[in-house]
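Analysis of the macromolecular model
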Amino acid sequence: MATSREYRLKSRPAGMPSADNFELATVNLPEPGPGEVQVRNLWLSVDPYMRGRMNDEPSYLPPWQIGKVLDGGALGEVTVSNADGLRPGDLVNSFYGWREGFTAPAATVQKLDPKGLPPQTFLSAAGGTGLTAYAGLLEVARLKDGDVVFVSGAAGAVGSMACQIAKAKGHTVIGSAGGPEKVAFLKEIGVDHAVDYKAEPDLTAAVRRAAPDGIDVYFDNVGGDHLDAALAAARTGARFAICGMISAYNEAQPAAGPRNLRMMMGKAIEMKGFLVTHYLGLQPAFLADFIRWHAEGKLRWRETVVQGIERTPEAFLGLFRGDNTGKMLVKLN
Ligand code: NAP
């Protein structure tokens, strides 16, 4: 590859971002030097956390810089290698996303063994997405026999994995998602009570109807009124794994809630936030369970695929409109 198109940050949004915040540029790719590889990206990941990187504020990842190429998860194929252990044709995972290709030190990419799965699965269900669900349920919420589990954002990438992992372990699962098609998907993947939060005037009442005796575990992807509802429906000793709060990511002003956090006291609720990067050591155990559950027919995954580098911002913005079921991915031509 002599050139690569890449997305850069053009401006920072206030509130909901738009395509105008991004610009596409073409760059020349340098020949790889000693110990370097050149990679053609095949798939790009777009993720809700990237919204935080558009803001100029400190977080667990540095803000994207105006005029600079964006980064994120990517899966590509080595085209040229001057490094031991990597050959043309090898598949690699990297963080050089939002671009068609790159030249980089071999040590900054990870060779991928897809284990007979479609390789992009390692940007979605079998990769960080599934691991997030696995770590959140097993390590953060310390799932135990008989727990009733509530998952918000249940038809999304992490949420749909969380629902199925809880089902594979024999739990009753309540999942919430927006719209009848997503509710149908939740039923397909075995969720016991699927709540269409967009059609529910009172989410707390809907969760209470689904779990009359309360919930023991809440896997939060959404925050806001979903967290309020989970607090209200929690049983004594409930554990909350705070994975994400997408309902707040585009707020220009901080939200007022949660309005009923005081319920943590009387119900002795444990609430713990986490990042998947705290649990990377679980990946081999997760992958072994993933492959077994898949072989047993207990795990399915869906991807929403947008085609072409040009449409990467559209795919990203679609996460906040609910355009995706399962993992949102960009497939490069
Ligand atoms: P995702 O759920 O596949 O995609 C986003 C989905 O969120 C949309 O499809 C939409 O579904 C829902 N959504 C968007 N805006 C919403 C709003 N205002 N209120 C309620 N729902 C809304 O994304 P994901 O990658 O699986 O991430 C899910 C959550 O986990 C995010 O909060 C993300 O930041 C977090 N996360 C955390 C970690 C970690 O390490 N802690 C790792 C990965 C992801 P509906 O159509 O159902 O509304």
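Residues numbered from 1 in each chain as written. Predicted model: local features only at pLDDT ≥ 70, side-chain atom pairs only at ≥ 80, totals over all residues. Heavy atoms only, no water.

Moving on: the sheet that holds strand β8 (residues 148-151). The 6 strands lie next to each other as β10-β9-β8-β11-β12-β13, forming an open sheet whose pairing is parallel. Strands with a single pairing partner mark the edges of an open sheet, and in this sheet they are β10 (193-196) and β13 (270-273). Adjacent strand axes in the sheet meet at a mean angle of 15 degrees when their direction is disregarded. Note: strand β12 (residues 234-242) against β13, 4 bridges, orientation parallel. Looking across to β13, one finds that Phe240 is bridged to Met271. Those strands touched by helix α2 (residues 128-140) are β8, β11 (215-220), β12 and β13, and its axis lies near 145 degrees from that of β11. (Pairing = 2+ DSSP bridges. Helix = DSSP H or I, 4+ residues; strand = E, 2+ residues; numbered from the N terminus. Axes fitted to C-alpha atoms, helices over the stretch in contact; angles between N-to-C directions. Contact = heavy atoms within 4.5 Å.)

Around the ligand, a shell composed of 25 residues is seen, among which Lys182, Tyr197, Tyr249, Val276 and Asn324 lie nearest. For the ligand, an oxygen atom lies 2.7 Å from a polar atom in the side chain of Lys182. With respect to the ligand, the side chain of Tyr197 contributes an N or O atom lying 2.5 Å from an oxygen atom. Residues that form the shell around the ligand fall into these classes: 15 nonpolar, 9 polar and 1 charged. The two domains that each donate at least three residues to the shell around the ligand are domain 1 (3-124 + 301-331) and domain 2 (128-279 + 288-293). (Near = heavy atom within 4 Å. Polar contact = N/O pair within 3.5 Å; in protein donor to acceptor, adjacent residues only side chain to side chain. Nonpolar A, V, L, I, M, F, W, Y, C, P; charged D, E, K, R; others polar. Domains from an automatic or database assignment.)

So, on to the pattern of salt bridges. Here the idea is simple: oppositely charged side chains can pair when their charged atoms come close. Throughout the structure, instances matching the rule amount to 20 salt bridges. The residue Asp147 makes a salt bridge to Arg239 at a minimum N-O spacing of 2.6 Å. Highlighted residues: Asp147 in the loop between α2 and β8 and Arg239 in strand β12, separated in sequence by 92 residues. In terms of burial, Asp147 and Arg239 fall into one category: buried. In this structure, Glu188 engages Arg302 in a salt bridge whose closest nitrogen and oxygen atoms are separated by 3.3 Å. Remark: Arg302 occurs in the loop between α8 (283-295) and β14 (303-307) and Glu188 occurs in helix α4 (residues 180-188); sequence separation between them is 114 residues. Ionic contacts of the salt-bridge type, sharing partners, join the residues Asp289, Arg292, Glu296 and Lys298 into one network. (Salt bridge = Lys/Arg side-chain N within 4 Å of Asp/Glu carboxyl O. Buried < 20%, exposed > 50% of the residue type's maximum accessible area, 1.4 Å probe, protein only.)

Domain boundaries assigned for the chain yield domain 1 (3-124 + 301-331) and domain 2 (128-279 + 288-293). Here the C-alpha centre of domain 2 lies 28 Å away from the C-alpha centre of domain 1. For the pairing of domain 1 and domain 2, the buried interface totals around 1,500 Å² over both sides, and the portion due to carbon and sulfur atoms is 62%. The interface formed by domain 1 and domain 2 contains 1 salt bridge. Applying the counting rule to domain 1 against domain 2 returns 5 residue pairs in polar contact (both at pLDDT 80 or more). In terms of residue class, the side of domain 1 that touches domain 2 is built from 10 nonpolar, 7 polar and 5 charged. (Buried area = accessible area lost by both parts, 1.4 Å probe.)

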